[in-house]
Amino acid sequence: MTSRVGPRAEGTNGTHFKHREKVAPHYQMSASLKSEVRKLNLVHLLIWLLVAAQVTVSHLNLVSHDTVSMPYQWEYPYLLSLLPLLCSSLSLPKNNISYLVISMISAGLFTVAPLIYGGMEMFPVAQQLYRHGKAYRFIFGFSAVTVMYLIMVVAVQVHAWQLYYMKKLLDSWFSATEEKKKK
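In the annotation of an unreviewed UniProt entry, the protein chain is listed under the name Jagunal homolog 1a and assigned to Seriola dumerili. The annotation that UniProt attaches to the protein chain under Sequence similarities (unreviewed entry) is "Belongs to the jagunal family." Under the UniProt heading Subcellular location (unreviewed entry), the note attached to the protein chain is "Endoplasmic reticulum membrane".

S.K.: Looking at this structure, I do not really get the overall build of the protein chain. What am I missing?
M.R.: Check the secondary structure of the protein chain and you find five helices and two strands. For the protein chain, the proportion of its 183 residues judged to be buried stands at 32%. Across the protein chain, the fraction of contacts at a sequence separation of at least 24, relative to all contacts at a separation of at least 6, is 76%. Approximately 12200 Å² of the protein chain is accessible, and the part contributed by carbon and sulfur atoms is 65%.

S.K.: Whenever I open this one, the side chain of His44 confuses me. Can you help?
M.R.: Tracing the chain through its elements places His44 in helix α1 (residues 25–59). Setting aside its immediate chain neighbours within four residues, His44 contacts Tyr78, Ser81, Leu85, Thr111, Val158, His159 and Gln162.

S.K.: What should I look at first to understand the pattern of salt bridges in this one?
M.R.: Charged atoms that come close allow side chains of opposite charge to pair. In the structure shown here, the tally under the stated rule is two salt bridges. The residue Glu36 makes a salt bridge to Lys39 at a minimum N-O spacing of 3.6 Å. Taken together, the residues span about one helical turn, with Glu36 and Lys39 both in helix α1 at a distance of three residues. Residue classification places Lys39 among the partly exposed positions, given a relative accessible area of 48%. Of the charged contacts in the structure, one is a salt bridge between Asp171 and Lys167, with a shortest N-O distance of 2.8 Å. One end of the pair, Asp171, and the other, Lys167, are both in helix α5 (residues 144–182), four residues apart, so they sit about a helical turn from each other.

S.K.: Would you take a moment to explain the side chain of Lys34 for this structure?
M.R.: Secondary-structure assignment places Lys34 in helix α1. There is no salt bridge for the buried Lys34, and the closest opposite charge comes from Glu36, which lies 14 Å off by N-O distance. A polar side-chain atom of Lys34 sits 2.9 Å from the main-chain carbonyl oxygen of Leu92. Non-local contacts of Lys34, meaning those with residues more than four positions away in its chain, are made with Leu92, Pro93, Asn95, Leu169 and Trp173.

How each quantity is defined
Numbering of residues begins from 1 in every chain and follows the order in which that chain's sequence is written. Given that this is a predicted model, residues contribute local features only at a pLDDT of at least 70 and side-chain atom pairs are listed and counted only at 80 or more, while totals for whole chains, interfaces and linings are drawn from all residues. To obtain the side-chain values, all non-hydrogen atoms of the structure were used and water was disregarded. UniProt positions are given in the numbering used here, feature names are shortened, and annotations may be inferred rather than shown by experiment. Note on conventions: DSSP H or I runs of at least 4 residues are helices, E runs of at least 2 residues are strands, and numbering of each starts at the N terminus. With a 1.4 Å probe rolled over the protein chains alone, any residue whose accessible area is under 20% of its type maximum counts as buried; one over 50% counts as exposed, and the rest are partly exposed. For this analysis, residues touch if any pair of their heavy atoms sits within 4.5 Å. Using a 1.4 Å probe, the Shrake-Rupley method yields the accessible areas, and only the shown protein chains count as cover for residues. Counted as salt bridges are all cases of a side-chain nitrogen of Lys or Arg within 4 Å of a carboxyl oxygen of Asp or Glu. His is not counted, nor are the chain ends, whereas Lys and Arg count as positive and Asp and Glu as negative. Definition of a polar contact: a pair of N or O atoms within 3.5 Å, with one able to donate and the other able to accept a hydrogen when the atoms are protein atoms, and with sequence-neighbouring residues admitted only if both atoms are side-chain atoms.

Dropping the structure here:
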């Protein structure tokens, strides 16, 4: 019974918890890392939706090109970054190592590489904006290169943290499989 009043059984003074089983550290680590990866996947999806919206609005001429400019070349391969997002999301529920590895490799190809290329592609435009104050592409009245560099800064941080947490998660899952093999 859970009554707080009355006689208490012998040996139940609250110190009997030491013999109980504890959750192994790699399982605790896996749960916390999965949570972080899910949060970063959500932010990645939001960034992807922003880029996809700009590409879609621009190509379908939903608004004038003065309001939303044509996308830069790096934005097209970045749209493929949905693949690593889906693979990492599929790997989390059942600790699927294969999907996680595919996600990490494709993240390098479809997220990091386009961002590096985009930084180099937009650098001369950013340099011209900085030196002469002239911008030729705009997104809702703001310089397109400035907006896209801001998105890129956030995206680089998100993808770097994603890769870091996925690597830690992979290590956690490998240590769990090694312990199972030992038993």
